[in-house]
Amino acid sequence: MPTLDIKGLTINAARRLLDEKEVSALELTQAYLDRIVSVEEDVHSFVSVTADIALEQANIADRMISEGVHGHLTGIPMQLKDNMSTKGVPTTCSSKMLEHFIPPYDAYVTEKLKDAGAILLGKGNLDEFAMGSSTENSALKVTHNPWDLEKVPGGSSGGPAAAVAASECVFSLGSDTGGSIRQPASLCGVVGMKPTYGLVSRFGLVAFASSLDQIGPITSDVEDSAVVLSHIAGHDQRDSTSLNIDVPDYSEGLVADLTGFKVGVPVEYFSEGIDSGVENSVRNAIKVLSDLGADIVETSLPHSAYALAVYYIIAPSEASANLSRYDGVKYGYSSDVAGSMWDALENTRQNGFGPEVKRRIMLGTYALSSGYYDAYYVKAQKVWTIIRNEFKEAFESFDVLAMPTAPTTAFDIGGKTGDPVQMYLNDIFTIPANIAGIPAISVSCGILDGLPVGLQFMAGALQEKKLFRAAYAYQQATNWHHIKANI
Ligand code: GLN
């Protein structure tokens with residue numbers, strides 16, 4: 001057998017190798033475990049590697065394959081962001097608070113992927129409790145961008161995006177509250193997709209801002225993204241916001257043609273703070289869409305400008321409530337400093353949470369406190385509705401919107417840690433989709449000074465098929481997704 005080259009291997013390519021018995025699930029899994037050993041000392045995308053579990057699952061997958069009772073993901077090695085519960089495997093949220101927490105149950109997505117026969121290689125690093133845009137807020141380690149180890153991978157799903165970019169797994173799952181799947185996908189040159197709010201159950205996802213959180217795939221190409229979403233979408237009674245709809249096969253109907261497709265290009269996403277190289281790459285990508293037959297129309301979404309402000313009221317407010325459960329009593333870190341109950345509580349939260357998480361809790365507590373609630377929280381709720389309606393109206397005229405994913409390519413490690421507002425501005429183009437509750441995807445559309453650029457598409461609620469169609473057609477017409485990090 002020739003040596004197995006797993007660099008940039010897609011789910012579909014791995015499936016062919018497994019089905020044609022060119023490689024066993026065990027050999028494939030071992031190849032990824034070896035790859036993790038060789039690049040992890042540079043990339044640091046894994047919080048934990050579950051080699052024993054992976055090899056055991058690979059044996060089971062091989063049995064299923066030989067008996068012909070397997071699905072599309074059987075035997076495919078993957079990673080999960082470490083804020084998704086894995087029964088018996090630590091789920092740390094990259095926080096000291098949960099560093100030794102071993103969940104007694106699986107998240108819905110973990111269950112779904114396990115049932116499908118996918119193989120868990122380990123858990124991906126993130127900004128603590130998914131708060132951040134560079135993965136530097138992880139209390140456990142800093143992940144490095146595989147394209148340039150001096151740069152951040154983006155965040156908060158920096159571990160998952162870097163792991164896919166460095167071929168340490170075939171795919172990973174991220175969570176996206178304000179851009180945490182798409183922004184790191186953009187900075188790492190991979191495909192990151194946030195589904196419609198409610199399409200994927202949040203059961204077992206450690207909550208950050210529950211009205212915005214969504215889980216989605218991080219993959220090497222658009223077909224893989226559609227395959228993974230088809231496996232993890234679906235109704236789940238344990239998440240009250242889970243939508244009860246029939247899930248289509250998202251990989252059907254992907255064609256490399258956009259004849260008659262209406263693409264809106266909102267001017268507000270090409271303004272303030274955008275790097276001129278990023279703007280050029282995205283504008284060139286939009287020309288490609290036009291060559292594919294799409295009607296390109298400039299449009300305006302004036303209230304998008306307020307999405308970031310709305311987000312930094314709503315998300316911290318919900319986080320301050322969600323994170324109140326970490327009191328050192330039931331689970332997680334508990335300070336052993338003796339004293340009153342209040343001292344123990346204070347010490348636990350003082351030592352267990354990092355600075356960004358504390359900042360969010362304080363922002364949220366402030367916005368919700370009596371006297372400020374109406375001025376901040378209620379006002380943000382009202383603007384939230386305006387933004388949602390504005391998008392809804394836009395999708396009466398357009399199939400998708402196209403814009404950059406992030407204003408810049410990957411920045412230096414340490415470059416923005418001293419200035420939270422600069423860090424927050426990284427999500428200026430991704431947050432609106434969370435506020436509107438709509439699906440969005442980032443695909444690679446250029447390379448500037450050796451670093452990838454992301455093109456983002458947004459579609460109306462539950463219009464994932466349109467989103468995939470636009471992204472797939474673009475991908476088929478270009479070569480960017482084939483260019484891999486040189487690691
Ligand atoms: N970077 C944003 C934040 O820090 C978004 C995070 C996310 O989507 N989880 O809040």
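Everything below is about the structure shown above.
This text gives an overview of the structure that appears in the document.

## Describing the overall build of the protein
Next, step 1: Tallying secondary structure elements over the protein gives 15 helices and eleven strands in all.
Next, step 2: The globule rule puts the C-alpha radius of gyration for 487 residues at 23 Å, and the 21 Å found for the protein is close to it.
Next, step 3: Per-residue burial for the protein yields a buried fraction of 60% across its 487 residues.
Next, step 4: Sequence separation of 24 or more characterises 76% of the internal contacts of the protein that already satisfy a separation of 6 or more.
Next, step 5: Carbon and sulfur atoms form 52% of the exposed surface of the protein, whose accessible area is close to 18300 Å².
Next, step 6: The centroid of the 36 positive side-chain charges in the protein is displaced by 4 Å from the centroid of its 58 negative side-chain charges.

## Focus on the pattern of salt bridges
Next, step 1: The final tally for this structure, using the stated rule, is twelve salt bridges.
Next, step 2: Measuring nitrogen to oxygen at the nearest pair gives 2.9 Å for the salt bridge that ties R182 to D176. D176 matches R182 in its accessibility class, with the two residues each being buried.
Next, step 3: Each of E111, D236 and R238 takes part in one network of salt bridges that share partners.

## Some remarks on the site of the ligand
Next, step 1: In the vicinity of the ligand there are 15 residues, among which G178, S180, Y311, R360 and D427 approach most closely.
Next, step 2: One of the backbone nitrogen or oxygen atoms of G132 is found 2.8 Å away from an oxygen atom of the ligand.
Next, step 3: Within the contact set of the ligand, an oxygen atom lies 2.6 Å away from a backbone nitrogen or oxygen of G178.
Next, step 4: Coverage of the ligand by the protein chains reaches 100% of its 300 Å² of free accessible surface.
Next, step 5: Taken together, the residues that form the shell around the ligand break down as five nonpolar, seven polar and three charged.

## A short note on helix 4 (residues 108-115)
Next, step 1: All of the buried residues along helix 4 are Y108, V109, T110 and L113.
Next, step 2: At the C-terminal side of helix 4, G117 shows a positive phi close to 90°.

## Focus on the environment of S370
Next, step 1: For S370, the location among the structural elements is in the loop between helix 11 (355-368) and helix 12 (373-397).
Next, step 2: S370 gets classed as exposed once you look at its relative accessible area, which sits at 74%.
Next, step 3: Each C-alpha atom of the pair S370 and S134 lies 33 Å from the other, and the pair is 236 residues apart in sequence.

## Details of helix 12
Next, step 1: If you check helix 12, its first and last C-alpha atoms are 36 Å apart, about what 25 residues at 1.5 Å a residue would give, namely 36 Å.
Next, step 2: On its buried face, helix 12 sits against helix 9 (307-322), helix 11, strand 9 (400-404), helix 14 (431-436) and strand 11 (451-459).

## What to know about the nonpolar core
Generally speaking, soluble globular proteins have nonpolar side chains that are buried together.
Next, step 1: Within the largest apolar cluster, 153 residues are counted, with the highest numbers of intra-cluster contacts made by F129, F391, F457 and M458.
Next, step 2: In contact with F457, not counting residues within four places along its chain, are L289, V400, L401, A402, P439, A440, I441, V443, L467, A470, A471 and Y474.

## A word on the pairing of strand 5 (residues 191-194)
Next, step 1: Burial along strand 5 is two-sided: the residues V191 and M193 and G192 and K194 are all buried.
Next, step 2: Note: strand 5 against strand 6 (residues 214-219), two bridges, orientation antiparallel. Directly across from V191, in strand 6, lies its bridge partner T219.

## Topic: the packing of aromatic side chains
Next, step 1: By the definition in use, this model includes 15 aromatic pairs.
Next, step 2: Their ring planes at 25° and their centres at 5.3 Å tell us that Y373 and Y377 sit as a pair that is stacked. Of this pair, Y373 and Y377 both sit in helix 12, separated by four residues, roughly a single helical turn.
Next, step 3: Of the residues examined, Y377 reaches a relative accessible area of 13% and is grouped as buried.

## Focus on a nonpolar patch on the surface
Next, step 1: Taken together, the side chains of Y366, Y372 and Y376 define a hydrophobic patch exposed on the protein surface, amounting to about 290 Å² of accessible area.
Next, step 2: As for its position among the elements, Y366 is in helix 11.

Criteria and cut-off values
Just so you know, the residues in each chain are numbered from 1, in the order the chain's sequence is written. Given that this is a predicted model, residues contribute local features only at a pLDDT of at least 70 and side-chain atom pairs are listed and counted only at 80 or more, while totals for whole chains, interfaces and linings are drawn from all residues. With hydrogens and water stripped out, all remaining heavy atoms of the structure feed into the side-chain values. Helix and strand definitions here come from DSSP, where helices need a minimum of 4 consecutive H or I residues and strands a minimum of 2 consecutive E residues; each element is numbered from the N-terminal end. What the globule rule says is 2.2 Å times the number of residues to the power 0.38, and the radius of gyration is computed from C-alpha atoms. Buried means the residue's accessible area, taken with a 1.4 Å probe over protein chains only, is under 20% of the maximum for its type, while exposed means over 50%, and partly exposed covers the values in between. In what follows, a contact means two residues having at least one pair of non-hydrogen atoms within 4.5 Å. In these tables, accessible area is a Shrake-Rupley quantity obtained with a 1.4 Å probe, and a residue counts as shielded only by the protein chains included in the view. Charge assignment: positive for Lys and Arg, negative for Asp and Glu; neither His nor the chain ends contribute. To locate a charge, take atom NZ for lysine, CZ for arginine, CG for aspartate or CD for glutamate. Throughout this description, the term salt bridge denotes a Lys or Arg side-chain nitrogen within 4 Å of a carboxyl oxygen of Asp or Glu. We call a residue near a given molecule or strand whenever any one of its heavy atoms falls within 4 Å of it. Contacts described as polar in this section are N or O atom pairs within 3.5 Å, which, within protein, must combine one atom able to donate a hydrogen with one able to accept it, while residues neighboring in sequence count only if both atoms come from side chains. Each residue receives one of three labels: charged for Asp, Glu, Lys and Arg, nonpolar for Ala, Val, Leu, Ile, Met, Phe, Trp, Tyr, Cys and Pro, and polar for the others, Gly being one of them. Here a helix's expected span is defined as the number of its residues, less one, multiplied by 1.5 Å. Throughout, nonpolar core names a set of buried Ala, Val, Leu, Ile, Met, Phe, Trp, Tyr and Cys residues whose side chains join them through atoms within 4.5 Å. Two strands make a pair as long as DSSP finds a minimum of two bridges between them. Aromatic rings from Phe, Tyr and Trp, with only the six-membered ring used for Trp, were paired whenever their centres fell within 6.5 Å, and each pair was classed as stacked if the ring planes differed by under 30 degrees, edge-to-face if by over 60, and tilted otherwise. Patches here: salt-bridge-free residues with over 30% relative accessible area, like charges joined within 9 Å, nonpolar side chains (Val, Leu, Ile, Met, Phe, Trp, Tyr) joined within 5 Å.

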